[in-house]
Amino acid sequence: MIMMVVSGLWLPGGVLAGNAFSGAVRVIDGDTVDVGDVRVRLHGIDAPETDQTCRTEQGQVWACGKWVTDQVTTLFGGRMAECTPVTTDKYNRTVARCALAGQDVGHELVSAGLAFAYRKYAQDYVFAEKGAAIRDIGLHASRVQNPSQFRQTRAVGRIPPDRACPVKGNISSQGTRIYHVPGQRDYERTGIRAERGERWFCSASAAQLAGWRAAKR
């Protein structure tokens, strides 16, 4: 029996870097999708996070992150994509260029004003972004915080400033005061925004005394 050894970088999902793979698209957010069973971060683009908000030129706040996710789902959800891996990122996702019916997904999203060129990693879509900005379409019609800056700002509220006080006192959109302790399902992704009245606690009992209830999960 002759065995062939292929040298290369294996990425998440059993994908070899440079080797194309395909599958149905399930949209996670504006720049992240599942293609078959592979979690893909689209190469060269950056879109608002699902919970990110923007402001219109008149100053009205709107849920641009959710809007982008919904738009991408309408455009590409359930369709078959073919992707070529580029690398893997720090979240263990496969970073790849993907195409649907021969059209570059990254280029389509940036051209439609649904995402920005991620200049930190690639220059592929810079001209597409400039075109969308000139036409003032999609996100370019609003005031949008750079998605990477938004992620950095949000991360600040996720890490306890004092390790002795790691309990997160969160306030839901309905105004319910809920606390999360380390190890719970939503603890890592919950951020504390002091301007909204949210706060850190040193223990669950302290949170309860202050009027917060325990998260169910």
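In case you missed it, the structure is sitting above this.
1. Thoughts on empty space enclosed by the protein
Line of reasoning, step 1. For the structure shown, the criterion picks out one cavity of 30 Å³ or more.
Line of reasoning, step 2. Empty space within the largest cavity amounts to approximately 60 Å³.
Line of reasoning, step 3. Lining the largest cavity we find Val 25, Val 33, Val 35, Leu 42, Val 72, Phe 76, Ala 81, Cys 98, Leu 100, Val 105 and Leu 109.
Line of reasoning, step 4. Residue assignment for the lining of the largest cavity shows that the elements contributing at least two residues are β4 (32–35), α1 (64–76), β10 (94–100) and α2 (105–111).
Line of reasoning, step 5. Tallied by class, residues from the lining of the largest cavity come to eleven nonpolar, no polar and no charged.

2. What to know about the state of the cysteines
Line of reasoning, step 1. Taken as a whole and judged by the stated rule, the model has three disulfides.
Line of reasoning, step 2. What pairs with Cys 83 in a disulfide is Cys 98, and their sulfur atoms sit 2.1 Å apart. When the S-S torsion is 110 degrees, as for the bridge of Cys 83 with Cys 98, the disulfide is right-handed. Here Cys 83 is found in strand β9 (residues 80–88), whereas its partner Cys 98 is found in strand β10, with 15 residues between them in sequence. Of the two residues, Cys 83 and Cys 98, both sit in the buried class.
Line of reasoning, step 3. Linked covalently through their sulfurs, Cys 165 and Cys 202 form a disulfide whose S-S length is 1.8 Å. Where Cys 165 bonds to Cys 202 through sulfur, the torsion about that S-S bond is close to 60 degrees, and the disulfide is right-handed. Of this pair, Cys 165 sits in the loop between α4 (147–156) and β14 (167–171) while Cys 202 sits in the loop between β16 (199–201) and α5 (204–209), and the two are 37 residues apart along the sequence.

3. A word on the environment of Gly 191
Line of reasoning, step 1. Mapping Gly 191 onto the fold places it in the loop between β15 (177–180) and β16.
Line of reasoning, step 2. Sequence separation between Gly 191 and Asn 170 is 21 residues; the distance between their C-alpha atoms is 7.6 Å.
Line of reasoning, step 3. Apart from the residues within four sequence positions on either side, Gly 191 is in contact with Gly 157, Arg 158, Asn 170 and Glu 198.

4. Comments concerning α1
Line of reasoning, step 1. The first and last C-alpha atoms of α1 sit 18 Å apart over 13 residues, in line with the 18 Å expected at 1.5 Å per residue.
Line of reasoning, step 2. Of the positions making up α1, those classed as buried are Cys 64, Gly 65, Val 68, Thr 69, Val 72 and Phe 76. Across the axial projection of α1, the buried residues extend over an arc of 140 degrees, all falling on one side.
Line of reasoning, step 3. Among the structural elements, β3 (21–29), β7 (54–56), β8 (61–62), β10 and α2 are those in contact with the buried residues of α1.
Line of reasoning, step 4. Gly 78 occupies a position one or two residues after α1 and carries a positive phi of about 85 degrees.

About the thresholds
- Residues numbered from 1 in each chain as written.
- Predicted model: local features only at pLDDT ≥ 70, side-chain atom pairs only at ≥ 80, totals over all residues.
- Heavy atoms only, no water.
- 1 Å grid on protein atoms, 1.4 Å probe; cavity = no way out; pocket = protein on both sides within 12 Å on 5 of 7 lines; lining within 4 Å.
- Points joined across faces, edges and corners; volume = space filled by probe spheres on them.
- Helix = DSSP H or I, 4+ residues; strand = E, 2+ residues; numbered from the N terminus.
- Nonpolar A, V, L, I, M, F, W, Y, C, P; charged D, E, K, R; others polar.
- Disulfide = S-S within 2.5 Å.
- Buried < 20%, exposed > 50% of the residue type's maximum accessible area, 1.4 Å probe, protein only.
- Contact = heavy atoms within 4.5 Å.
- Expected span 1.5 Å × (residues − 1).
- Arc of directions from axis to C-beta.

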